[in-house]
Amino acid sequence: MTQYCKTLMQYFKDFPERPNVFKPGVPTCFFLRSEHLLNCIQICFPCRFMKMSTRTPPRLLELAGRSLLRDQALAISTLEELPKELFPPLFLEAFNRRRYEALKLMVQAWPFRRLPLRPLMKMPGLDTFHAVLDGLDALLTHRVRPRRWKLQVLDLQDVCDNFWMVWSEAMAHGCFPIAMRNRKAMQDCPRMRGQQPLTVFIDLWLKNRTLDEYLTYLLLWVKQRKDLLHLCCKKLKMLGTPFHNVRSILKMVNLDCIQEAEVNYKWALPMLTQFTPYLGQMKNLQELVLSHMDVSPYTSPEQKKQIVTQFTTQFLKLRYLQKLSMNSVSFLEGHLDQLLSCLKTSLKILAITNCVLLESDLRHLSECPSISQLKTLDLRGIRLANFSLVPLQVLLEKVADTLEYLDLDDCGIVDSQVNAILPALSRCYELTTFSFCGNPISMATLDNLLCHTIRLNNLCLELYPAPRESYDAGGTLCWSRFAQLRAELMKRVRDLRHPKRILFRTNYCPQCGNRSFYDLEADQCYCRIPAYLDGYVKRFLLDSWKLKPRS
């Protein structure tokens, strides 16, 4: 009889009127199976499983688990006889109560292939993390491993805590087989087929100038055991850490495991040359985000061309790239063709925002074969006021069969340019979201634009600028005039079709610097936001209508 069963029997003795659930002649270990054990507890203590409006007292399983964790003589042999369905709640109990020795042993006897630890690390206490790694040390260094040993993955990825939620609900309702089926399958790393007995999954979010204590300790632990485990990082974000701190981490990570990378730090162009060799090693990269890359005024044209060439040629090695986003990247001006010519895959998402481009860059973009299957095209903040929009028309014609999300906000497009893109825009039948805010167009042009989206039946969210006639000579919104124009547009749109949602955004207010969204029928502003939060509001609108750009 195991220690766990002894603990349960002790609790049963305190209730003399219990039914005879332990039947003569049936081995006690039979009741260690989760379904029989839970049935016994529900029969004897039904009140423990009732939902109560006040704080629910601890269930018998919880009390028995606490008693088991208090046992100083707890051994691997005891845990090996424990039903695996009871491991997650007991592990949570040990983690929350900081039972370090119990944690070490439970890690060694963990009956599942994966241990998702990241959700638990949100709780304070580095010592519990140390205890888990000490338990893994025992697994990695012992030649004779526990009989039930299955652990192959320590998962530190920043994903939802589905594993722990499923098992917590299963404990409350006694539906362990359902919990097994409801667990979300996690994608493995192809390199797990190697010789290392353990793989550590981690998402690297390097936000500060110094690393946090968890990451510092983990990286030191991994470095000392590099021959015994594989460190797999699928998501890398550098959001404020100096590159000399990042370099040492990149040398430890298998770069061909990285699938998503983001660099959002004010790097001067020469700093990009230090990152370039590492980018070329990310051969399985699917998404790349670059933000705030600046060209120093002291950089000569020859030096700039050399650096850009070194950087863009790395894209020849990225044969799985599907999403490319570049925001405030100043070296693209006059060099976009170099980057586009190195793309070897068909992109699904392309975002070039708040950058300075030449008209030739726009032409090269329309001629690029890698953009023919785009689902998302985001050109916010690209000044197109003095350009011919024929290349944009060609680009829209090329992606008309697949494009779902189009953003041309704050491009400075004027009335005389709009007609060039209307025929191609009206054939983008898959379009679900179209944003054209911040372009100074007249009422007549806006009316024409709305007419050309009549046949776009999938269009669910449309964002347009308030007509130019809505403002006075000083650029201030005239509410009465805007209300009148909006009423005319509403009538016009209703006569043509039944839109799902149309919003109009005003220009910056001279007094407060904010911009506002107005519905077709609203008598007041839909929301008022500072300019720097404009993108977040648009994302909120997309999320609220479940219109996230499809990848």
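Predicted, not measured: the structure shown is a model, and the values here were computed from it.

For this particular structure, what's the right way to read helix 15 (residues 359–367)?
Owing to its 3.6 residues per turn, the α-helix brings residues three or four apart onto one side. Taken together, the buried positions of helix 15 are Asp361, Leu362, Leu365 and Ser366. Looking straight down helix 15, one finds that the buried residues subtend no more than 140° of arc, so they occupy a single side. Buried residues in helix 15 make contact with helix 14 (336–340), strand 8 (349–353) and helix 16 (390–399).

It is not clear to me how the pattern of salt bridges should be interpreted in this structure. Could you clarify?
Close approach of charged atoms lets side chains of opposite charge pair. The tally for this structure, following the rule as stated, stands at 14 salt bridges. In this structure, the salt-bridge partner of arginine 380 is aspartate 378, at a minimum N-O distance of 2.8 Å. Note on arginine 380: relative accessible area 29%, which makes it partly exposed. Residue arginine 380 pairs with aspartate 407 through a salt bridge whose shortest N-O separation is 3.4 Å.

Mind showing me how you'd approach unusual backbone geometry here?
Generally, phi is negative for residues other than glycine and the peptide bonds are trans, each holding for most cases. With phi around 55°, arginine 98 is a residue other than glycine that occupies positive phi space. Mapped onto the secondary structure, arginine 98 falls in the loop between helix 5 (87–96) and helix 6 (100–108). Located in the positive-phi region is aspartate 410, a residue other than glycine, with phi close to 55°. Here aspartate 410 falls in the partly exposed class, since its relative accessible area comes to 22%.

So what exactly am I meant to see when it comes to the environment of cysteine 232 here?
Among the secondary structure elements, cysteine 232 is positioned in strand 4 (residues 229–238). In this structure cysteine 232 comes out as buried when scored by relative accessible area, which is 1%. With 26 residues separating them in the primary sequence, cysteine 232 and isoleucine 258 have C-alpha atoms 7.8 Å apart.

What should I look at first to understand the pairing of strand 13 (residues 502–505) in this one?
In regular strands, side chains alternate between the two faces of the sheet. Alternating residues of strand 13 divide into Ile502 and Phe504 and Leu503 and Arg505, and every residue in both groups is buried. Regarding topology, helix 19 (residues 479–496) serves as the crossover connection from strand 12 (residues 461–465) to the parallel strand 13, and that connection is right-handed. Pairing analysis gives three bridges linking strand 13 to strand 14 (residues 514–519), with the strands arranged antiparallel. Each bridged residue has a counterpart across the sheet, and for phenylalanine 504 the counterpart in strand 14 is tyrosine 518.

Help me understand the packing of helix 12 (residues 269–280) against helix 13 (residues 301–312) in this model?
It is at 9 Å that the axes of helix 12 and helix 13 come closest, and there the two elements cross at 20°. Here helix 12 lies roughly parallel to helix 13, going by the angle between them. Between helix 12 and helix 13 lies a crossing of left-handed hand. Residues Leu269, Pro270, Leu272, Thr273, Thr276 and Leu279 of helix 12 lie in contact with helix 13, whose contacting residues are Lys304, Ile307, Gln310 and Phe311. A per-class count over the contact of helix 12 with helix 13 returns six nonpolar, three polar and one charged.

How each quantity is defined
- Residues numbered from 1 in each chain as written.
- Predicted model: local features only at pLDDT ≥ 70, side-chain atom pairs only at ≥ 80, totals over all residues.
- Heavy atoms only, no water.
- Buried < 20%, exposed > 50% of the residue type's maximum accessible area, 1.4 Å probe, protein only.
- Helix = DSSP H or I, 4+ residues; strand = E, 2+ residues; numbered from the N terminus.
- Arc of directions from axis to C-beta.
- Contact = heavy atoms within 4.5 Å.
- Salt bridge = Lys/Arg side-chain N within 4 Å of Asp/Glu carboxyl O.
- Right-handed = clockwise from strand over helix to strand, strands pointing away.
- Pairing = 2+ DSSP bridges.
- Axes fitted to C-alpha atoms, helices over the stretch in contact; angles between N-to-C directions.
- Parallel < 35°, antiparallel > 145°, perpendicular 65-115°, else oblique.
- Left-handed = near helix turned anticlockwise from the far one by under 90°.
- Nonpolar A, V, L, I, M, F, W, Y, C, P; charged D, E, K, R; others polar.

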